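# Topology and contacts: notes
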Amino acid sequence: RCRTRHADRWGHAHGAARFDSVTHWLATKVGDVSVLRLISEDGTFAPVVSLFDADPATRPIVEAFLGSWVMRTDEGLARVTIAEARPTVEHHLPALQSFISVPPRFLSYAELLVLQSFVAVPLKSQVGRVIGSLLVARRHGAPSFPDDVVAILERLAAKVAQAVARAERFSAAWVARDSLHASIEALLAIDPTVDLDAV
């Protein structure tokens, strides 16, 4: 799995397990590689929070590649899936275009990184705000995606968005708890005789 420092706020166990199960299932049952991105707090970046490559031989290379940079929300695939909030389907990505997108330091592994097709959908919160994207891709030689692949990804994206909401609520509850404890400690420091039941 690949996580970045920009994704620390999503690393909570309540969400991470769901994230990994989704990318693992998509990579093994629908495509070859699956990537989940969630938008950073400032809305500028779309770091990878979970990925899975069904091929153990190429998995470390894909993880290293996707972990070597952080995609901005206004560039490349993210611009369509995240900024424009719509699904993206590419059944046959030109090989030359794929090679161009590979940084020089990864060119010796380009054939392992080049993809033939991909489908990506935005992740949306309950109020319709885009919070990330979910992608599944196939390598060269693989058959075309089925017609219902967008619907499959959208259903999974909805489940991921629910997991994110739960993780956010859990984190918010802990922040509130810590704030409450700090307030009570400050109150006791001022007046040690205060009635805690009354507080």
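The notes below deal with the structure included here. Source: prediction; values computed, not measured.

Attention shifts here to the environment of Pro146. Of note, Pro146 is situated in the loop between strand E5 (130–138) and helix H6 (149–190). Considered as a pair, Pro146 and Val30 are 116 residues apart in the sequence and their alpha carbons are 8.9 Å apart.

Our next topic: the nonpolar core. Judged by nonpolar contacts, the single largest core of 23 residues is most densely connected at Phe19, Leu26, Leu36, Leu123, Leu134, Val136 and Leu153. Among the secondary structure elements, those contributing two or more residues to this core are helix H1 (13–30), strand E1 (33–38), strand E4 (117–124), E5 and H6. Ranked by residue count, the leading element in this core is H6, at 9 residues. For Leu36, the contacting residues outside a window of four places in its chain are Phe19, Thr23, Pro47, Val48, Val49, Ser50, Leu123, Ser133, Leu134 and Val160. Judged by nonpolar contacts, the second largest core, of 15 residues, contains Val33, Val35, Ile61 and Val62.

Parameters and conventions
Residues numbered from 1 in each chain as written. Predicted model: local features only at pLDDT ≥ 70, side-chain atom pairs only at ≥ 80, totals over all residues. Heavy atoms only, no water. Helix = DSSP H or I, 4+ residues; strand = E, 2+ residues; numbered from the N terminus. Core = buried A, V, L, I, M, F, W, Y, C linked by side-chain atoms within 4.5 Å. Buried < 20%, exposed > 50% of the residue type's maximum accessible area, 1.4 Å probe, protein only. Contact = heavy atoms within 4.5 Å.

None of this, on its own, says anything about what the molecule does.
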